[in-house]
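# Analysis of the macromolecular model
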Amino acid sequence: MNWKYSITVRLSLAFALLATVVFAALGIYLNRSADDHMAELDAHELLGKLALARHVGSQAQSPTALAVRLGDALVGEHGLIVAVDGENGAIFSSPESLHAAALFAAAKAVGETPVRLTAGAREFRVVAGGLQTGWGEMARVVVARDIHHHTDFLDGLQRDFWLALIAASLLTVVLGVLIVRRGMQPVREIARAASRISAGKLAERIPEPGVPPELGELVKAFNAMLARLEESFARLSDFSADIAHELRTPLHSLRMQTEVSLNRSRDVADYRELLASNLEEYERLSKIIADMLFLAKADHGLLIPHRETVALLALCERLLDYFGLLAENIDLQLHGSDVQVNGDRLMLERAIGNLLVNAIHHTPEGGWITVDVSEQDKQAVISISNSGKPLPQEAIERIFERFVRLDPASDGSGLGLAIARSIVVAHGGQIAVRSVGHATEFSIRLPRH
Amino acid sequence: MPLGQNATMKILIVEDEAKTGDYLRLGLNEAGFTADLVRNGVDGMHEGLAGDYDLLILDVNLPGLDGWQVLKALRAAGRELPVLFLTARDQVEDRVKGLELGADDYLVKPFAFSELLARVRTLLRRGRVKEAERLALADLELDVSKRRATRAGRRIDLTAKEFALLELFLRRPGEVLSRSFIASQVWDMNFESDTNVVEVAIRRLRAKVDDDFTPKLIHTLRGMGYVLELR
């Protein structure tokens, strides 16, 4: 198997890629919103403490009082630093933080919008603002929240998330392979059904019910191909059987008469007679072979008309002139206008000639044959009608098949009408036959271009 | 039955199939020609270039040098003798190719020997003999320009095709004419059908030309065709 083109591999990888991208996007989004959420909580707390410090400061009548009261208010707050600087230095710092001085230095430009700052290797979220003290001094207060817990939490979350992401992607690949394999099951079944079909079992078909609609077209096309194969295979077998049969008959008589003649010595006249009779059989064999080859060529689409302008009325006239010799007691008539087609003169002559011979053979003494050449719907139409017994329906259906002889006693090869049809088809035309009352009409339609 | 007029005509046959070649030579020799046979393309080319032949019968499928190459070499060397090629394949391309390379006629195997003989005679006659206006055999006479036929001085009424048929016979006395050759010459019908049209036509012609007269002039050679001659 070529893995590069395996649908299973490609689909599974696509699933994994898709899952990774979606999970990663989701993770980034969640991380971001957790971060935002914490920043918001911090801001709320920081601004609350800022307001508290301001309130306490405005009530205090001295720096000592401010420090005491603010210290009381902030009891139990971990990780929160509140520092107040007056005009003459630090007034308050809670807890007694090593970072307070550094924070003050770093937070010089900070206002009431929370800002992330790093001071003394620790990360803080900080707000700051002025404070009007109760004793009239203008002080500055900085409120900071140590956020290393938050960042630790988020980092941990992120690490877990990436691990989960890898696990999920791997799981997706595995599940994807299983799902795709399952999804491909109908394809394997079709393949199995197809592999059961051999030359001897061309009648088998892949069952169409139960096939997913996506594969329905494929199965239909495959079955149609089988039908065509079966048909041409059958035709080929029939063809071989026909050839064998048709060649065996003259060969048998050749062999018989030659053997019997050689059995004892005879006079020269007898030998001459034998050779002449053999010659007739050889001629028959040659003609059958030539006709079969012609039909085989037609079957393979190799019958290519050598096109020229052909005047159909004149052509029919010559044919009637020739074959008319066989129709002594038949009323033979030619009607119509001089229609021209672009076709192979020799082939068309042969096709129409074969139809004419067929008509002559099937017209009773005293009957009639009418050949009509006309133009209908931009097509040339040659119709050959003859009086006689109407054709049975099954004869009409099979009449153009090779070796079908309506009259078992006829000495023709049974290939004339098949050849006529091949020629007409090679010209892109149609040939048809119908029985009308006590007459039979063959018609050829040829495109005029 | 050798014909004096052919005695000097030399024909070279290039054919690798042993039986076909042998019988072609025998048949042509018995028809009054001097026929030589070579069995491959190289010999065919040398003989064709060196020998003084009036006609070449050339098989297309040959060992060594094929028929096309022989034909090309001969034409390139300026040899203008008529060439009749034989092909086993009834392919339009084959025909076209042969005629383009300068062949004068072709026959598709299997063919009737009488057909070959008729073609050979046509090729050898081409451009040599002025077509005679008056033809005759024994007491049968044909005036082509006046479209009149008489036997023993008596006028015979013939249809146009019957006249053409009789003219064909009289222009080729003693030659066996196959049915397909007659159909193609008189009616321009170039395909074989399982019919006996020519037989019917000959019967009618005989009824007018031979039935009331002796000696009989039109003879049937079973399996081969017809011949007009005084026996």
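Note that residues are indexed from 1 along each chain, following the sequence as it is written. For this description, chains carry letters from A and ligands carry numbers from 1, given in the order in which they are written. Under the rules for a predicted model, residues below a pLDDT of 70 receive no local features and side-chain atom pairs below 80 are neither given nor counted, while totals for whole chains, interfaces and linings still include all residues. Side-chain calculation: all heavy atoms of the structure are included, whereas hydrogens and water are not.

Right, let's talk about unusual backbone geometry for a bit. In this structure, the amide linkage connecting Lys 109 of chain B to the following residue, Pro 110 of chain B, adopts the cis form with an omega of -5°. For helices the rule is a DSSP run of H or I covering at least 4 residues; for strands it is a run of E covering at least 2, with both sets numbered from the N terminus onward. One can find Pro 110 of chain B in the loop between strand E5 (105-108) and helix H5 (113-125). A cis amide bond links Thr 214 of chain B to the next residue, Pro 215 of chain B, at an omega of -5°. With a phi angle near 50°, Asp 377 of chain A is a residue other than glycine that sits in the positive phi range. Looking at where Asp 377 of chain A falls in the secondary structure, it is placed in the loop between strand E9 (368-376) and strand E10 (379-387). At Lys 378 of chain A, a residue that is not glycine, the phi angle is positive and equals roughly 65°. For every residue, the accessible area obtained with a 1.4 Å probe (protein chains only) is divided by the maximum for its type, and the residue is called buried under 20%, exposed over 50%, and partly exposed between those limits. Lys 378 of chain A sits in the exposed class, given a relative accessible area of 70%.

Let's shift gears to helix H1 (residues 18-30) of chain B. Residue and element names in this part refer to chain B. For H1, with 13 residues, the first-to-last C-alpha span of 18 Å sits near the 18 Å given by 1.5 Å per residue. When we look at burial in H1, the residues that qualify are Gly 21, Leu 24, Gly 27 and Leu 28. Around the axis of H1, the buried residues are gathered within 135° of arc, so they sit on the same side. Exposed residues pointing more than 90 degrees away from the buried face of H1 are listed as Lys 19 and Tyr 23. Packing partners of the buried residues in H1 comprise strand E1 (10-14), strand E2 (34-38), strand E3 (55-59), strand E4 (83-87) and H5. Where H1 terminates, the next one or two residues include Gly 32, which has phi positive at roughly 105°. One less than the number of residues in a helix, times 1.5 Å, gives the span that helix is expected to have. Each direction from the helix axis to a C-beta atom contributes to the arc, which is the arc of those directions. Every residue pair with non-hydrogen atoms within 4.5 Å of one another is taken to be in contact.

Okay, the interface of chain A and chain B next. Each side of the interface is counted separately: chain A has 27 residues, and chain B has 24 residues. By buried area we mean how much accessible surface two parts lose on assembly, using a 1.4 Å probe and totalling the loss over both. Carbon and sulfur atoms supply 56% of the area buried between chain A and chain B, which totals about 2400 Å² over both sides. Here a salt bridge means any side-chain nitrogen of Lys or Arg lying within 4 Å of a carboxyl oxygen belonging to Asp or Glu. Connecting chain A to chain B are 5 salt bridges. Between Glu 280 of chain A and Arg 222 of chain B there is a salt bridge, and its shortest N-O distance comes to 3.0 Å. Of all the secondary structure elements, the ones that give two or more residues to the side of chain A that touches chain B are helix H7 (268-299), helix H8 (312-323) and helix H9 (345-362) of chain A. In terms of residue count, the dominant contributor to the side of chain A that touches chain B is H7 of chain A (9 residues). In the side of chain A that touches chain B, the residues fall into 9 nonpolar, 7 polar and 11 charged. Only Asp, Glu, Lys and Arg are considered charged, only Ala, Val, Leu, Ile, Met, Phe, Trp, Tyr, Cys and Pro nonpolar, and every remaining residue, Gly among them, polar.

Let's shift gears to the packing of H8 of chain A against H9 of chain A. Residues and elements named next belong to chain A. All axes are obtained by fitting lines to C-alpha atoms, using only the stretch in contact for helices, and the reported angles, taken between N-to-C directions, cover 0 to 180 degrees. Between H8 and H9, the shortest axis-to-axis distance is 10 Å and the interhelical angle comes to 45°. Considered as vectors, H8 and H9 are oriented oblique to each other. For H8 against H9, the interelement crossing comes out right-handed. In this structure, H8 uses Leu 312, Leu 315, Cys 316, Arg 318, Leu 319, Leu 320 and Phe 323 to contact H9, whose residues at the interface are Arg 345, Leu 348, Glu 349, Ile 352, Gly 353, Leu 356, Val 357 and Ile 360. Roughly parallel refers to an angle under 35 degrees, roughly antiparallel to one over 145, roughly perpendicular to one between 65 and 115, and oblique to any angle outside these ranges. Left-handed describes a crossing in which the near helix is turned anticlockwise from the far one by less than a right angle; the clockwise case is right-handed.

The next point concerns the sheet that holds strand E6 (residues 134-137) of chain B. All names here are of chain B. Strand pairing is assigned whenever DSSP identifies at least 2 bridges connecting the two strands. The strand order across the open sheet formed by 4 strands is E6-E7-E8-E9, and the pairing between neighbours is antiparallel. The open sheet has two free edges, formed respectively by E6 and strand E9 (154-156), since each of these has just one partner strand. The mean inter-strand angle of the sheet, taken between neighbouring strand axes irrespective of direction, is 25°. Sheet topology note: the strand E8 (residues 148-151)/E9 ladder contains 3 bridges and is antiparallel. Note on E9: the bridge partner recorded for Ala 149 is Ile 156.

Once that is clear, we can look at the pattern of salt bridges. Applying the stated rule across the entire model yields 37 salt bridges over all chains. A salt bridge links Asp 22 of chain B to Arg 39 of chain B, with the nearest nitrogen and oxygen atoms 2.7 Å apart. Of this pair, Asp 22 of chain B sits in helix H1 while Arg 39 of chain B sits in the loop between E2 and helix H2 (41-50), and the two are 17 residues apart along the sequence. Relative accessible area serves as the criterion here: at 31%, Asp 22 of chain B is assigned to the partly exposed category. Taking the relative accessible area as the measure of exposure, Arg 39 of chain B reaches 35% and is therefore partly exposed. Residue Arg 231 of chain B is joined to Glu 229 of chain B by a salt bridge in which the shortest nitrogen-to-oxygen separation is 3.0 Å. Overall, Glu 229 of chain B belongs to the buried group, its relative accessible area being 15%. Connected through salt bridges with shared partners, the residues Arg 318, Arg 345 and Glu 349 of chain A together with Asp 188 of chain B form a single ionic network.

Residue and element names in this part refer to chain A. Taken together, the side chains of Ile 7, Leu 11, Phe 15, Leu 171, Val 174, Leu 175, Leu 178 and Ile 179 define a hydrophobic patch exposed on the protein surface, amounting to about 720 Å² of accessible area. Elements with a contribution of two residues or more to the nonpolar patch: helix H1 (7-59) and helix H4 (148-183). By residue number, the principal contributor to the nonpolar patch is H4, which donates 5 residues. Looking at the secondary structure, you find Ile 7 in helix H1. Excluding any residue in a salt bridge, patches collect residues exceeding 30% relative accessible area, merging like charges within 9 Å and nonpolar Val, Leu, Ile, Met, Phe, Trp and Tyr side chains within 5 Å. Values of accessible area rely on a 1.4 Å probe in the Shrake-Rupley scheme; residue burial ignores everything except the protein chains shown.

This brings us to the environment of Phe 239 of chain A. All names here are of chain A. Position of Phe 239 among the secondary structure elements: in helix H6 (residues 213-262). In this structure the C-alpha to C-alpha distance between Phe 239 and Ala 296, which are 57 residues apart in sequence, comes to 9.1 Å. Those residues in contact with Phe 239 that lie beyond four places of it in its chain are Met 292, Ala 296 and Arg 402.

A separate point is the sheet that holds E10 of chain A. All names here are of chain A. Ordered by their spatial adjacency, 5 strands build an open sheet running E7-E9-E10-E12-E11, and the pairing between neighbours is mixed. Edge positions in the sheet fall to strand E7 (331-336) and strand E11 (430-436), since each has one partner strand and no second. Taken pair by pair, the neighbouring strands of this sheet meet at an average axis angle of 15°, ignoring direction. Bridge count for E11 against strand E12 (residues 439-447) is 7 bridges, and the pairing is antiparallel. In the strand pairing of E12, Arg 434 is matched with Glu 441. Along the sheet, H9 makes contact with E9, E10, E11 and E12, crossing E10 at roughly 20°.

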